Each structure stands twice: as structure tokens, then as C-alpha cells.
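# Structure assessment
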Amino acid sequence: MDAAHVDDDLVNVLFTEAQIHEKVGELAARIEADYEGQDLLIVGILRGAVMVMADMARALTRHVEMDWMAVSSYGSGTKSSGVVRILKDLDTDISGRHVVIVDEIIDTGLTLSWLTSNLSSRNPASVEICTLLRKPEAQQMPIDVKYVGWDIPNEFVVGYGLDYRERYRNLRDIGTLAPHVYS
Ligand code: PRP
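Here goes a summary of the coordinates provided. This structure is a prediction, so every number in the text was calculated from the model and none was measured. (Residues numbered from 1 in each chain as written. Predicted model: local features only at pLDDT ≥ 70, side-chain atom pairs only at ≥ 80, totals over all residues. Heavy atoms only, no water.)

### Quick word on the overall build of the protein chain
Rules: Here a strand is any run of E in DSSP of at least two residues, a helix any run of H or I of at least four, and the numbering for each starts at the N terminus. We compute the radius of gyration over the C-alpha atoms and compare it with the globule rule, which gives 2.2 Å times the number of residues raised to the power 0.38. Here the term buried applies to any residue with accessible area under 20% of the maximum for its type, exposed to any over 50%, and partly exposed to those in between, with areas from a 1.4 Å probe on protein chains only. Here, Shrake-Rupley sampling with a 1.4 Å probe gives the accessible areas, and only protein chains in the shown set may cover a residue.
Looking only at helices and strands, the protein chain features 4 helices and 9 strands. From first element to last, N terminus to C terminus, the protein chain shows the α and β order β-α-β-α-β-β-β-α-β-β-β-β-α. For the protein chain, whose C-alpha radius of gyration is 16 Å, the value lies close to the compact-globule estimate of 16 Å for 183 residues. Oriented by its inertia axes, the alpha-carbon framework of the protein chain measures out at about 50 × 40 × 25 Å. Put simply, the protein chain has 183 residues, and 47% of those count as buried. Summed over its atoms, the accessible surface of the protein chain is roughly 9,000 Å², and 48% of this surface lies on carbon and sulfur atoms.

Dropping the structure here:
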């Protein structure tokens, strides 16, 4: 569905499907240049990263392996706890591999910070992060992110994998959710 189908639920459309497509293409081109001649594994973080992974992989004009992890952010309940639990681990042995973690948003930074150090402990050749969106104002953990699509304000955004109570993930655009939906 697109923004017109959920018009009343959005304050605005932050990024259209076309803008997202162009941005993912730019990120893919940068990754392709940086890993030229090297093996590459991209790791998507379920569930939100499904869309960006699918588009990123298809934008690449080279072979790439894909794997997935699922984590429960904040296992003890609150974001600030920083506790992350692995619900589904990689199927791939990443030792000696070049890995790019692909996610759709970095909010506090706690999930990706934890994941980066977890994957780094498995002796990969390298680990980098690619995120479509980042909220600098929400960040609680310093985190080195090599590939960022857009920095956005600290607002509730949905679409293109991002959900509110499991809805809106299949929205083609990315929009700011109206407060009446969640308050
Ligand atoms: C989102 C996103 C990141 C995480 C970022 O996942 O995909 O993994 O939150 O937040 P942080 O920077 O504050 O740690 P979420 O927990 O919403 O799960 P989902 O992908 O299944 O929607």
C-alpha cells in the first residue's frame, strides 16, 4: 500500500517510494565500490530490515550472500537496559568474512552497538553497519555507522519495514505517524 491508503494516519510523508529507491541504490553503489573484488555477506536484522535488504541485494550488480538475525531488543523491558537477546542467530560462519549489517533504522543505537560487538567477536574480516534511517537526537550509544541513508528527527516513523504494532510495514513510503494513532 502507499501513503494514500493510510492518509489519515500520517502527519506527512517523509520519503516517497521513489526517493527510497534512489537512496538504497546510492548506498548499494557505495558498498559495491568499497568491497570491489572482495567476498561480501550482508546481514539483515529481522523484521524491519526485510524491505531494505531485498532492495539493497537487488541493487547490487555483483554476487552477495544474505543471512538474517532476529533479536529481541531490550529483553528486560526498557530501551535503556540495553539488553539484547538473540532469537535467531546467523546460519553462516563469519570468520574471515566481510560483513555489512543492514537495518532500516538506528534509534538509540543500543541494538546495533550490541550486535556489532557480538559479530566482531566471531573473528570476521570486517563488520560495518548500513542503515537507511538514523535518529541522531535519540542516540544513547556512540556507534560507528559507515552507511547512512538519511538522518531524521526523533519522530515516530512507519513504512518500508517500520511498524507500529506490526502494521504499516508494507507501506511503500516512509511517513510520520499521527499521534492520534498511538495515543
Ligand atoms: C528496530 C530496528 C533496529 C532497532 C533500532 O527494530 O530494526 O533493529 O529497532 O533501535 P535502537 O537503535 O533503539 O536499538 P525493532 O526492535 O523495532 O524490531 P523489528 O525490526 O522487528 O520491528
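From this point, things continue past the structure.
### Comments concerning the sheet that holds strand 1 (residues 10-15)
Rules: Only when DSSP finds a minimum of two bridges between them are two strands counted as paired.
In space, the 3 strands of this open sheet follow the order 1-9-8, with antiparallel pairing throughout. The open sheet has two free edges, formed respectively by strand 1 and strand 8 (157-158), since each of these has just one partner strand.

### Quick look at the sheet that holds strand 4 (residues 84-88)
We count it as follows: In this analysis, axes come from line fits to C-alpha atoms, helices being fitted only over the stretch in contact, and the angle between any two N-to-C directions falls in the range 0 to 180 degrees. Only heavy atoms enter the contact rule, under which two residues are in contact if any of them lie within 4.5 Å.
Spatial ordering of the open sheet is given by 4-3-2-5-6-7, a layout of 6 strands whose pairing is mixed. Both outer strands of the open sheet, strand 4 and strand 7 (147-151), are each paired with one neighbouring strand and no more. Along the sheet, successive strands turn relative to each other by an average axial angle of 30°, direction set aside. Packed on one face of the sheet, helix 1 (residues 17-34) meets strand 5 (98-106), strand 6 (126-134) and strand 7 and runs near 155° to strand 7. Helix 3 (residues 110-120) rests against strand 2 (41-46), strand 3 (65-73), strand 4, strand 5 and strand 6 of the sheet, and its axis sits at about 170° to strand 5.

### Digging into helix 3
Listed as buried for helix 3 are Leu-110, Thr-111, Leu-112, Leu-115, Thr-116, Asn-118 and Leu-119. Contact partners of the buried residues in helix 3: strand 2, strand 3, strand 4, strand 5 and strand 6.

### Examining the packing of aromatic side chains
For the record, the criterion: Aromatic pairing here means that ring centres of Phe, Tyr or Trp (its six-membered ring) are within 6.5 Å. Orientation follows from the plane angle: under 30 degrees is stacked, over 60 is edge-to-face, and everything else is tilted.
Following the criterion strictly, the structure yields 4 aromatic pairs and no others. Chaining the aromatic ring pairs together yields one cluster made of Phe-156, Tyr-164 and Tyr-182.

### Some remarks on the side chain of His-98
Filter applied, for reference: Definition of a polar contact: a pair of N or O atoms within 3.5 Å, with one able to donate and the other able to accept a hydrogen when the atoms are protein atoms, and with sequence-neighbouring residues admitted only if both atoms are side-chain atoms.
Of note, His-98 is situated in strand 5. Side chain to side chain, His-98 and Ser-126 meet in a polar contact 2.7 Å long. If sequence neighbours within four positions are ignored, His-98 has contacts with Tyr-35, Gln-38, Asp-39, Leu-40, Leu-41, Ala-125 and Ser-126.

### Examining the environment of Ala-70
Residue placement: Ala-70 occurs in strand 3. In sequence terms Ala-70 and Ala-138 are 68 residues apart; their C-alpha atoms lie 22 Å from each other. Contacts of Ala-70, omitting those with residues within four sequence positions, involve Leu-46, Arg-85, Ile-86, Leu-87 and Lys-88.

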